[in-house]
Amino acid sequence: MTEQEILDLIAHGESQSLELKDAAVRPSGLAETLIAFANTNGGKVIIGVNEKTRHVSGIKKKEEVINTIHRAANLPCAEPAVNISVEEVIIQNSLVFVVTVPYQPTALFTTTGKVLLRRGSENIPASQSEIVNLSSKRGRLRYEATVVEEATLKDIDFELLKEYREAYGERRDKKLAQPDLELLNALGSIVKVGEDYKPTVAGILIFGRDPQRFLPQSEVPVVRYSGEEITKDYRSKEFTGTLPQIIEKIIDSVSDHIQVASIRGEPRLKGRREDIPDYSLPALREIIINAIAHREYQIRGSRIIIKCFTNHIQVWSPGSFVEPITPETIYSVGPFHRNPDIMKALYGYGYVEAYGDGMHLIKEQFEKHPLKPPLPEYKEAPGGVFTLVYAADLSKVIRKEKEETGIEIDLGERQEKAMSYLREKPSISKRIYMELNGISDKTAYLELTDLVKKEILIREGKGRSVVYKISAGIE
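Being a predicted model, the structure only gives us computed values, none of them experimental.

What follows concerns the pattern of salt bridges. Under the defined criterion, the tally for this structure stands at 17 salt bridges. Of the charged contacts, one joins Arg-165 and Asp-180 as a salt bridge, the two residues approaching to 2.9 Å between their closest N and O atoms. Of this pair, Arg-165 sits in helix α5 (residues 158-172) while Asp-180 is found in helix α6 (residues 180-186), placing the two residues 15 residues apart along the sequence. One salt bridge connects Glu-460 with Lys-469, and the closest N-O pair in it is separated by 3.0 Å. Judged by relative accessible area, Lys-469 falls into the partly exposed class, the value being 29%. When salt bridges that share partners are traced, they join Arg-142, Glu-144, Asp-341 and Lys-344 into one network.

Note that Glu-296 resides in the loop between α10 (281-294) and β13 (305-308). Judged by relative accessible area, Glu-296 falls into the buried class, the value being 4%. Within the structure, Glu-296 has its side chain in polar contact with the backbone nitrogen of Gln-298 (distance 3.1 Å). Setting aside residues no more than four positions away along its own chain, Glu-296 makes contact with Ser-136, Leu-141, Tyr-143, Pro-318, Gly-319 and Arg-338.

Let's shift gears to the sheet that holds strand β4 (residues 94-101). The strands that make up a sheet are held in pairs by hydrogen bonds between backbone atoms, and each pair lies either parallel or antiparallel. Strand order in the open sheet made by the four strands is β1-β2-β4-β3, with mixed pairing throughout. The open sheet has two edge strands, β1 (18-21) and β3 (85-91), and neither has a second partner. With strand direction ignored, the average angle separating the axes of adjacent strands in the sheet is 20 degrees. Pairing of strand β2 (residues 43-47) with β4 involves five bridges; the strand directions are antiparallel. Directly across from Val-45, in β4, lies its bridge partner Val-99. Here helix α2 (residues 27-39) sits on the sheet in contact with β1, β2 and β4, set at roughly 160 degrees to β2. Contacts from helix α3 (residues 62-73) reach β2, β3 and β4, with the element oriented near 15 degrees to β4.

Among the secondary structure elements, His-257 is positioned in the loop between α9 (243-255) and β11 (260-263). Once residues lying within four places of it in the same chain are set aside, the contact partners of His-257 are Arg-224, Asp-278, Tyr-279, Cys-308, Phe-309 and Ile-313.

In this structure, the second largest pocket encloses a volume near 720 Å³. Contributing to the lining of the second largest pocket are 39 residues, with Glu-286, Asn-290, His-294, Ile-330 and Met-359 lying nearest its centre. Of all elements in the fold, only α10, β14 (312-318), α12 (358-367) and β16 (384-390) reach the threshold of two or more residues within the lining of the second largest pocket. Among the elements that line the lining of the second largest pocket, the one with the most residues is α10, at eight residues. When grouped by side-chain class, the residues that make up the lining of the second largest pocket number 21 nonpolar, twelve polar and six charged.

Analysis parameters
Residues numbered from 1 in each chain as written. Predicted model: local features only at pLDDT ≥ 70, side-chain atom pairs only at ≥ 80, totals over all residues. Heavy atoms only, no water. Salt bridge = Lys/Arg side-chain N within 4 Å of Asp/Glu carboxyl O. Helix = DSSP H or I, 4+ residues; strand = E, 2+ residues; numbered from the N terminus. Buried < 20%, exposed > 50% of the residue type's maximum accessible area, 1.4 Å probe, protein only. Polar contact = N/O pair within 3.5 Å; in protein donor to acceptor, adjacent residues only side chain to side chain. Contact = heavy atoms within 4.5 Å. Pairing = 2+ DSSP bridges. Axes fitted to C-alpha atoms, helices over the stretch in contact; angles between N-to-C directions. 1 Å grid on protein atoms, 1.4 Å probe; cavity = no way out; pocket = protein on both sides within 12 Å on 5 of 7 lines; lining within 4 Å. Points joined across faces, edges and corners; volume = space filled by probe spheres on them. Nonpolar A, V, L, I, M, F, W, Y, C, P; charged D, E, K, R; others polar.

What follows is the structure, encoded as structure tokens:
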């Protein structure tokens, strides 16, 4: 760093990422700052400056201060040792040391048994919940490896293990020959406790007979709203079972939410038909698997929640990102796994790959979509992560003249039945729609509202006299 750069830092005073220390600093006091920076986002300590007056006092006993710095960064002051770099700079004809603590996301640092965090210009002890969160973010908690005390081997479904062997052989072209207990142990699904084996959290989640009995937080609700925002008009369903079973059920459910437009008239298609979905199913599948595989299962009071709106899907997953992943770097950094045992099992089933290609696949699916919807957006919030998946705007193609584009909208079976009815009748009511399809009042309302949102139908009248007619642009 140049003299002017350091003078500018000193002029601004201590902050979230800067500490000023006199040359007489003690190793224990310096260690607290190094630990706090290492546990937060890194920072710099300028030694040879009075922290109150910001006067550059300089360093007279160079070797003594160097020794203090390295004692502070290493055992017994810091556990584990903190990675630092030290730069000597002459400021106003005085020697100062600039100690840089880089971002270090792989360890949880302590000094004299304390975990410290940097808050503003202070080093403060972390609360128990902050320690848990920080351990989880840095992949050091491994709740999935915890023994489920109330469970026994009787709570493991060995038929599921048999299915796993078959799936592994088909997808990975390799036979798993170990005996059942050896295989479960290798997968981190059981551990030996005394003379007996006990299931782990990962074991119950992947091979358990009734996972929600022990881990109710693993249940996943899917909620479908009739509009673009949360309203009283919705349908919901809770999915239970093992994680592979839940994944399959959710993918089936979300698949029903996908709408498809069909292009038939473009010269490049040479008479063929091309279907354009508003969501990429492979990308949605990857997003759902990521949420289930990477959530923090120790948070018992929070579940993954999937909310489907007409223009986007929102996935809430408990637990922060595993460092160094952030919302800004999620598409560029390599994979970091909070639950490696769960990932190992899902890899064997064929749900994930071992090379961290999931985010690349999601990005690729969105970038090659003909309507170019925005990439999924990731947001951290207290307690978890939101994934916002935006639908492609099929109204862009619906509004075009069919003679020019050859584009039509594909509908669900019940909605197609209503359209057939409307080709013979001037309008349809909610009651008739219910009778045609044998469905509830709420379901009829949601599906008719969906057709209105797509500008296929228009709604006329009020209250019980409401009827639905084919939009003029569709006729």
